[in-house]
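Read off the chains here:
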Amino acid sequence: MKKRLPILALCAVIVLQLAAVTGFIVYYVQLDDKIETLGTEYRFRIILESVDEDGTIRFYPAEGNRFYSYVMNDDFRKAVTVTVPDDADEYAELGTILDEVPDSGEYLLVDRPNAFPVENTYASGNANLYDLTDDDFSSYAYNYLPAYYESRPTWDTDEEVYTTQPEAYVTVRIYRGHAAITGMYIAGENVRTLDALPEPVPIEDAGENA
């Protein structure tokens, strides 16, 4: 009987661990379903940074820029408020970073490793977005998009033409602070169906202030 006790104890520990893992999985499956069915979808402007061979795009929120990604990985930060637009055609914006979860209003939990705006990648599955033949792109495992995220002149011509990236945004569905990135659009087009990244947009009369 005494020999059986360690075995029974070990079995009990294994069962409890399996139950905990199963409960964890079930919780997040149910949460994903609630985000999809009960969540409200908003659009957030983003800055595109790079794209890899699989078409996964790195980006960061347009407002606050990279500040949000750094600050929100702080364990003391719990949420960020969301400024909800009055018009459905307008963009939502990230607001105040909070140390506590608010009791009301729209907000995003930020102590989640895969939640917007901490999450800064979107797997489009569209390999057409990766182009090694473009001189503006890096020849590494992913392409930086300098013509997209910073204005600069073209040095190969006499004319200084400054460019910036086309308008880009992600759609994010929010439910009680939990979020799921549901899509990405560049120049109004779904990135999953683009034949290539759109050309940078020229800035007319940029001058020395571009």
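This one's a predicted model, so the numbers in the text were calculated from it and none came from an experiment.

Asker: Got a sec to walk through the sheet that holds strand β5 (residues 107–109)? Specific residues and values, please.
Answerer: Judged by pairing direction, the sheet is antiparallel, and its 3 strands sit side by side in the order β4-β3-β5 without closing on themselves. Strand pairing shows two members of the sheet lacking a second neighbour, β4 (93–98) and β5, which therefore form its edges. In this sheet, adjacent strand axes meet at a mean angle of 30 degrees when their direction is disregarded. Where strand β3 (residues 79–83) lies against β4, 4 bridges are found, and the strand directions are antiparallel. Looking across to β4, one finds that Val80 is bridged to Ile97.

Asker: Which residues make up the pairing of strand β10 (residues 178–186), and what values go with them?
Answerer: Two strands pair when backbone bridges link them, and strand β9 (residues 168–175) and β10 are joined in this way by 8 bridges, in the antiparallel orientation. When the sheet's bridge partners are listed, Val172 is paired in β10 with Ile181. In this antiparallel pair of consecutive strands, β9 and β10, the connection spans 2 residues, and Arg176 shows a positive phi of 50 degrees. Summarising the sheet, β10 and strand β11 (residues 189–190) pair through 2 bridges and their orientation is antiparallel. From the neighbouring strand, Ile186 faces β11, where its bridge partner is Glu189. Hairpin connection between β10 and β11: a loop of 2 residues separates the two successive antiparallel strands, and Ala187 in this loop has a positive phi of roughly 55 degrees.

Asker: Quick one: what's the story with unusual backbone geometry, residue by residue and with numbers?
Answerer: Phi is positive for Arg176, which is not a glycine, with a value near 50 degrees. Looking at the element boundaries, Arg176 is found in the loop between β9 and β10. Backbone geometry at Ala187 places phi at a positive 55 degrees, although glycine is not the residue there. You can see Ala187 is positioned in the loop between β10 and β11. Here Ala187 falls in the partly exposed class, since its relative accessible area comes to 45%.

Asker: Pulling in residues and values, what's your account of the side chain of Arg173?
Answerer: Checked against the element boundaries, Arg173 lands in strand β9. A distance of 2.8 Å separates the side chain of Arg173 from the backbone oxygen of Gly39, its partner in a polar contact. The residues contacting Arg173, other than those within four sequence positions of it, are Ile35, Glu36, Gly39, Thr40, Glu41, His178, Ala179, Ala180 and Thr182.

Asker: Now, about the nonpolar core: what can you tell me, with residues and values included?
Answerer: In terms of nonpolar packing, the biggest core is built from 30 residues, with Phe44 and Met184 touching the most fellow members. Of all the secondary-structure elements, those providing two or more residues to this core are β1 (40–52), β2 (56–61), α2 (67–71), β3, β4, β9 and β10. No other element matches β1, which puts 5 residues into this core. Not counting chain neighbours up to four residues away, the residues in contact with Phe44 comprise Glu63, Val82, Tyr91, Ala92, Glu93, Leu94, Phe116, Ala168, Tyr169, Val170, Val172 and Ile174.

Asker: Could you give me a rundown of the confidence of the model for the protein, with the residues and numbers involved?
Answerer: Looking at the protein as a whole, the pLDDT averages 75, with 62% of positions reaching at least 70. Confidence, read as mean pLDDT per element, is least for helix α3 (residues 146–149) in the protein (54) and greatest for β11 (95). Predicted confidence is poor over residues 135–141, with pLDDT under 50, and the contacts of this stretch with residues over four places away or in other chains come to 18 contacts. The low-confidence segment residues 206–210, where pLDDT is below 50, has 4 contacts with residues more than four positions distant or belonging to other chains.

Asker: For a negative patch on the surface, give the residues involved together with the corresponding values.
Answerer: A surface patch of negative charge is lined by Asp86, Asp87, Asp89 and Glu90. Classification of Asp89 as exposed rests on a relative accessible area of 62%.

The rules behind these values
- Residues numbered from 1 in each chain as written.
- Predicted model: local features only at pLDDT ≥ 70, side-chain atom pairs only at ≥ 80, totals over all residues.
- Heavy atoms only, no water.
- Pairing = 2+ DSSP bridges.
- Helix = DSSP H or I, 4+ residues; strand = E, 2+ residues; numbered from the N terminus.
- Axes fitted to C-alpha atoms, helices over the stretch in contact; angles between N-to-C directions.
- Buried < 20%, exposed > 50% of the residue type's maximum accessible area, 1.4 Å probe, protein only.
- Polar contact = N/O pair within 3.5 Å; in protein donor to acceptor, adjacent residues only side chain to side chain.
- Contact = heavy atoms within 4.5 Å.
- Core = buried A, V, L, I, M, F, W, Y, C linked by side-chain atoms within 4.5 Å.
- pLDDT = per-residue confidence, 0-100.
- Patch = residues over 30% accessible without salt bridge, like charges linked within 9 Å, V, L, I, M, F, W, Y side chains within 5 Å.
- Areas by Shrake-Rupley, 256 points an atom, 1.4 Å probe, with all protein chains shown as cover.
- Salt bridge = Lys/Arg side-chain N within 4 Å of Asp/Glu carboxyl O.
- Lys, Arg positive; Asp, Glu negative; His and termini not counted.
- Charge placed at Lys NZ, Arg CZ, Asp CG, Glu CD.

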